[in-house]
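# Residue-level structure breakdown
Spelled out from the first residue to the last, the chains are:
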Amino acid sequence: MEERELICICCPLGCPLTVRMENGGTTVTGNSCGRGAEYGKKEVLSPTRVVTSTVSIKGGDFVMVPVKTREDIPKDKIFDCMEEIRKALVSAPVSIGDVIIADCAGTGVSVIATRNVRKTEDI
Amino acid sequence: MSLLFFSMIPENRETITDLEENNMKEMNYDTAIIGGGVIGCAIARELSRYDLKICVSEREEDVCSGTSKSNSAIVHAGYDAVPGSLKARFNTEGNRMMRELSKALDFSFIRNGSMVICFSEKDIPALNALYEKGVKNGVPDLSILTGDEVRTMEPNVTETAVAALYAPTGGIVCPFGLTIALAENACDNGVEFLFEMEVKDIRKTEHGYDLISEDKVIHTSYVINAAGVYADEFHNMVSEKKLRITPRKGDYCLLDKEAGTLVSHTIFQLPGKMGKGILVTPTVHGNLLTGPTASDVEDKEATGTTAKELSDIMVKSAWGVKNIPFRHTITSFSGLRAHEDGEDFVVGEVPDAAGFFDAAGMESPGLTSAPAVGVYLAELIAQKANAKKKEHFQETRKGIVNPQKLSFEQRAEMINKDPSYGTIICRCEGVSEGEIVDAITRTLGAVSLDGIKRRVRAGMGRCQAGFCTPKTMELLARETGKKIEDICKNRTGSNLLTGKR
Amino acid sequence: MTEHDIVIIGGGPAGLAAADAARKAGIEDIMILEREAYLGGILNQCIHNGFGLHTFKEELTGPEYAVRYIKMIEEENIPYLLNTMVLDIGRDKVLTIINRGEGLTTIKAGAVILAMGCRERPRGALNIPGFRPAGIYSAGTAQRLMNMEGYEVGKEAVILGSGDIGLIMARRMTLEGARVKAVAELMPYSGGLKRNIVQCLDDYGISLKLSHTVVDIEGKERVTGVTLAAVDEKRKPIPGTEEHYTCDTLLLSVGLIPENELSKGAGVQLDEITSGPVVNDRLETSISGIFACGNVLHVHDLVDYVSEEASLAGTSAVSYVKPRKEKTPSSQIKIKAAGGVRYTVPQYLDAENMEDQVKVRFRVSDVYRDRYISVYFDSERVSHKKRKVLAPGEMEQVVLKKESLAKYPDLKQIVVCTEVE
């Protein structure tokens, strides 16, 4: 049996989790909610994170548009994903939820805008 | 006068070959001043009354970048210096000149008066001696106050104060304001400022001196050495009578304006068995300043504060003034006094180097003395060069308008005419876009964030440029056409950013 | 001079939520004054996620959270002025404001809601010795430069302070290709949320050096290195523990200060611990008709609580402008922080005129394990709840109910404290 102590990152509570792995199954204790149980399992089997960053945008009322991966992606893909994000360039206008990069770094997860950026005539 | 030297051809062939090979830019002046601190700028301004071709060579990107920016900002009354010394003479004269100069050149100066606090009956004789010294130096209106009198005038002075020397002529000044005003006025009167020019060598020539930097050579008849802590090095290049300047470091703590009314006078401590003591003073901008420590250092660039000295300030300042709210400290800084072994200013023509003038060892009261030293040296050189006064000397200079000092209607009108005065960039000090643009675009305009800060106080307030840095950088880039990555805090290499996405 | 029933100073999360609540409570004439070029305040640069779980039951990024409120404001047609600074709150709630368009003008407010937020503590407040080169940033300034303007602030960084902004910036700089060499924290515990230590430091192998501080900054032009040292119980550096780090950037995340210069100018009484106004259960300051909410009142760690608090300020301002019922005169009951509780907000409560329930928020002074949070009505303990862990970095709350208070008509003081048993 293997046991791991984790801090849940699902919400600000930061519950201390204990994940037991036995006979191919996992049990999570210490969680205050269902999301915590799910996080505990995932974290020991294949940890994932949501990545947030910014993408350069042309012709808008902001020069950067904040973005995030629509869902969590495998932890070991974070830097591959960042590489694509850092290279990306989009044009205004952009609305919240617009896909900025489809299937980022082969994760199958798209990167979407998290702010509206309006088009300006002269930027 | 100038014409003569325009046509001057250096006769030293070797030098010419050197210059050609190195592709050096050659420049000709009648007088070259090394150092754009308050002393150099004061001399430049006074010398610009005369029909001379003058330059100021400054190694930094702006004037007021060395000791002139990091000091107590005090206009000393003049009781401190040894009677008969140059310090005594120029201090008293400089103090007397300051009010009128502040009006002519539009910088902040307040005669708030100073007190030297005595903590022990045993030290009263020393206090009286200071009084006598002041009288000898010609300091007007000095008096000795009892401890109770002191506390009536300054309720936050400690109970341990038994007496004080009171000098109503003591004052406070904006050291940036003073230096920049002198420089701008000099520039308006034709003085050229050569920034980021570090003089590496000085060679005697037939008609004067060559000042040599990495890429320039200045041919000049007269040299004025106002190089602060480096003045000994330049002096020693031309004279056998060596000077030795030791940088005497002083750390300071600057407190929020919230603490600015703790005292209204400048409060010194009478040097006693506990050491020299620490001063506590309001600044002309309404902050509270306390310091300086004193430690001799070897490195002339050692402007870092140390934990020991910062804690010394907190301990010792409390001897004289109670309830100093150090949690309201917004910044601490350090300055280097140019202390010469001879203990006095070294001002005048170097005996074994004709045409080379020193303004060296200009430690405290250097700031106070600057205007008087400027007049003295300018007259000396003008006489020697047989230079005539200009017909159209511009006596006055107008500073950047501070909208906060205008009436509501005037300020509203100002924004009406130019809306950029309505956009506040530095919220702590209330500085608008228009003022920052003024600081960049006027005579000898700012080229760095520190330059802007010293001209209009953007970034000088309680958040210490946390909020306004991004915007000020952008304004500086916009107005100077520089790339944002090239914007510097001060000298070359102090870039704020390391790249752009 | 123009006039408005309610003027809200600040268009960040607090100001927006206050405006929305005030409109919903029936006041038409509201004006929001925002000094930036956009609404949403600091949320605009907080591009990371973790916002809104409480308010919207989903995890949002800062800009997404802000947009939810901006949309409400726009749908409700609540007017606002951007790029507008309030210079002064004068007598009779006459505000002096400045901007490009209107220039210098005044606004008379029926009620004022202070929602100006906070600023970061600068280096000077910590007396960090050393040189003053370029490359020393407060974490929020660096965050703005990176996230809003797309600039790179440095390539190798040391971060002092493990508050949430410091932790978030450690990850952010790492993602952008910089090397974060260490995060130092003066205290023996982090001031940030545990989840942020996991996902911002642990995920990237960044070490958190508790009980450490910066004892020297090197570099004449740009930072070239910093020296960290361990500190003792009195937070003084221990000689011999110095470690040098080569870096070009030092980020400071060493605390936030509510920005109350305007409040002070108006004569509002401030709390020495929170640095924010002293308020009653309606979030009304010592000047009647001036309310406060969000980080200008006390520094929050969750925006969700800011929104909730600001809604109360909004509705309270409405009842001030349009009193629905005659206010029963009553004495203010002092809420006192004691025994490990640093402060409470509100500091006073009006039992006669209070809502059905009042949330009292507070922070503890130190990290405590297995302690009780207790509430006393005068000398009687009325609540006693055990908590596994309490930390200064996480805001706590107790709820006071009107019905329970009704049983204590002569109540003078309410005490919120921690207790070992």
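Analysis parameters
Residues numbered from 1 in each chain as written. Chains lettered and ligands numbered in written order. Predicted model: local features only at pLDDT ≥ 70, side-chain atom pairs only at ≥ 80, totals over all residues. Heavy atoms only, no water. Contact = heavy atoms within 4.5 Å. Salt bridge = Lys/Arg side-chain N within 4 Å of Asp/Glu carboxyl O. Polar contact = N/O pair within 3.5 Å; in protein donor to acceptor, adjacent residues only side chain to side chain. Helix = DSSP H or I, 4+ residues; strand = E, 2+ residues; numbered from the N terminus. Nonpolar A, V, L, I, M, F, W, Y, C, P; charged D, E, K, R; others polar. Buried area = accessible area lost by both parts, 1.4 Å probe. Pairing = 2+ DSSP bridges. Axes fitted to C-alpha atoms, helices over the stretch in contact; angles between N-to-C directions. Bend = angle between axes of the 7 residues up to and from the residue. Buried < 20%, exposed > 50% of the residue type's maximum accessible area, 1.4 Å probe, protein only. Domains from an automatic or database assignment. Core = buried A, V, L, I, M, F, W, Y, C linked by side-chain atoms within 4.5 Å. 1 Å grid on protein atoms, 1.4 Å probe; cavity = no way out; pocket = protein on both sides within 12 Å on 5 of 7 lines; lining within 4 Å. Points joined across faces, edges and corners; volume = space filled by probe spheres on them.

### Description of the interface of chain A and chain C
Facing the 29 residues of chain A at the interface are 29 residues of chain C. The partner of Glu64(C) in a salt bridge is Lys68(A), with the nearest N and O atoms 3.0 Å apart. Where chain A touches chain C, the interface holds 10 residue pairs in polar contact (both at pLDDT 80 or more). The element contributing the most residues to the side of chain A that touches chain C is helix α2 (residues 78-87) of chain A, with 4 residues. For the side of chain A that touches chain C, the class distribution of residues is 17 nonpolar, 6 polar and 6 charged.

### Some remarks on the interface of chain C and chain B
One frequent convention defines the size of an interface as the accessible area lost when the parts assemble. Contact with chain C, which involves 47 residues of that partner, is made by 54 residues of chain B. Approximately 4200 Å² of surface area, both sides summed, lies buried where chain C meets chain B, with 53% of it carried by carbon and sulfur atoms. In this structure, the connection of chain C to chain B is made through 8 salt bridges. Between chain C and chain B we count 20 residue pairs in polar contact (both at pLDDT 80 or more) in total. When contributions to the side of chain C that touches chain B are tallied by element, the ones reaching two or more residues are β6 (85-89), β7 (94-99), β8 (103-114), β9 (118-120), β10 (136-138), α3 (139-147), β11 (151-152) and α6 (261-266) of chain C. Looking at the side of chain C that touches chain B residue by residue, the classes come out as 16 nonpolar, 12 polar and 19 charged. In this sheet, β11(C) lies alongside strand β23 (residues 499-500) of chain B in antiparallel orientation, the contact comprising 2 bridges. Of the residues in β11(C), the one forming a bridge with Lys500(B) is Tyr151(C).

### With respect to the sheet that holds strand β6 (residues 64-69) of chain A
Residue and element names in this part refer to chain A. Read across the open sheet, the 5 strands follow the order β8-β5-β6-β10-β9; overall the sheet is mixed. What marks the edges here is a single partner per strand, and that holds for β8 (89-91) and β9 (99-101). Averaged over neighbouring strand pairs, the angle between their axes works out to 45 degrees when direction is ignored. As defined by bridge partners, β9 adjoins strand β10 (residues 111-113) across 2 bridges and the pair is classed as antiparallel. Bridging from a neighbouring strand, Ile-101 pairs with Val-111 of β10. Strand contacts of α2: β5 (52-58), β6, β8, β9 and β10, with the helix running at about 20 degrees to β5, the strand carrying the most contacts.

### Regarding helix α10 (residues 366-385) of chain B
All names here are of chain B. Of all bends in α10, the biggest is about 35 degrees, found at Ala-372. The buried fraction of α10 amounts to 14 of the 20 residues, a majority that puts the element mostly inside the structure. The positive-phi residue at the C-terminal boundary of α10 is Asn-386, with phi of around 55 degrees.

### A look at the sheet that holds strand β14 (residues 208-210) of chain C
Residue and element names in this part refer to chain C. The strand order β10-β18-β12-β13-β14 describes an open sheet built from 5 strands, whose pairing is parallel. Because the sheet does not close on itself, it has two edges, and the strands there are β10 and β14. Neighbour-to-neighbour, the strand axes of the sheet open up by a mean angle of 20 degrees, direction not taken into account. Inspection of the sheet shows strand β12 (residues 156-160) paired to strand β13 (residues 179-185) by 5 bridges, in the parallel sense. Each bridged residue has a counterpart across the sheet, and for Leu-160 the counterpart in β13 is Ala-184. Packing against the sheet, α3 makes contact with β10 and β18 (249-252), and its axis sits at approximately 90 degrees to β10.

### Considerations on the domain arrangement of chain B
Residue and element names in this part refer to chain B. Taken as a whole, chain B is organised into domain 1 (2-67 + 176-244 + 343-385), domain 2 (114-168 + 246-338) and domain 3 (403-486). Opposite the 13 residues of domain 1 that make contact, domain 3 presents 9 residues. Each partner contributes to the roughly 980 Å² buried at the junction of domain 1 and domain 3, and carbon and sulfur atoms together form 57% of this total. Across the domain 1-domain 3 interface, the total number found is 2 salt bridges. If you look at where domain 1 meets domain 3, you find 5 residue pairs in polar contact (both at pLDDT 80 or more). Here the side of domain 1 that touches domain 3 takes 6 residues from helix α7 (residues 175-188), the largest share from any one element. Grouping the amino acids of the side of domain 1 that touches domain 3 by side-chain chemistry returns 8 nonpolar, 1 polar and 4 charged.

### Some remarks on the nonpolar core
Core analysis: the largest hydrophobic core is formed by 74 residues, its most contacted members being Ile85(A), Ile100(A), Ile436(B), Ile452(B) and Met173(C). Here this core gets 6 residues from one element, more than from any other, and that element is helix α4 (residues 164-175) of chain C. If we ignore the near neighbours within four places in the chain, the residues touching Ile85(A) are Val51(A), Ser53(A), Thr54(A), Val55(A), Val67(A), Ile101(A), Val111(A) and Arg501(B).

### Looking at the pattern of salt bridges
Within this structure, the stated rule accounts for 77 salt bridges over all chains. Where Arg49(B) meets Glu46(B), a salt bridge forms, and the shortest distance between an N and an O atom there is 2.7 Å. We note a salt bridge from Arg361(C) to Glu308(C), for which the minimum N-O separation is 2.9 Å. Note that Arg361(C) is positioned in strand β24 (residues 357-364) and Glu308(C) in helix α7 (residues 303-321), a separation of 53 residues in sequence. Three or more residues are tied together by salt bridges with common partners; here these are Asp256(B), Glu258(B), Arg427(B), Arg462(B), Arg35(C), Arg119(C), Glu259(C), Glu261(C) and Lys264(C).

### So, empty space enclosed by the protein
Under the defined criterion, the tally for this structure stands at 4 cavities of 30 Å³ or more. If you add up the space inside the largest cavity, you get close to 540 Å³. Lining the largest cavity are 29 residues; nearest its centre among them are Gln464(B), Ala465(B), Thr469(B), Lys489(B) and Ile136(C). Among the secondary structure elements, those contributing two or more residues to the lining of the largest cavity are β18 (329-340), α13 (449-456) and α14 (469-480) of chain B together with β10 of chain C. Looking at the lining of the largest cavity residue by residue, the classes come out as 13 nonpolar, 10 polar and 6 charged.

### Let's talk about the environment of Pro125(B)
Inspection of the secondary structure assignment puts Pro125(B) in helix α5 (residues 124-136). Separated by 214 residues in sequence, Pro125(B) and His339(B) place their C-alpha atoms 27 Å apart.

### Brief notes about the side chain of Lys68(A)
In this structure, Lys68(A) sits in strand β6. Taking the relative accessible area as the measure of exposure, Lys68(A) reaches 12% and is therefore buried. If we skip the residues at most four places from it in the chain, Lys68(A) touches Val50(A), Val51(A), Thr52(A), Ser110(A), Val111(A), Ile112(A), Thr114(A), Glu59(C), Thr61(C) and Glu64(C).

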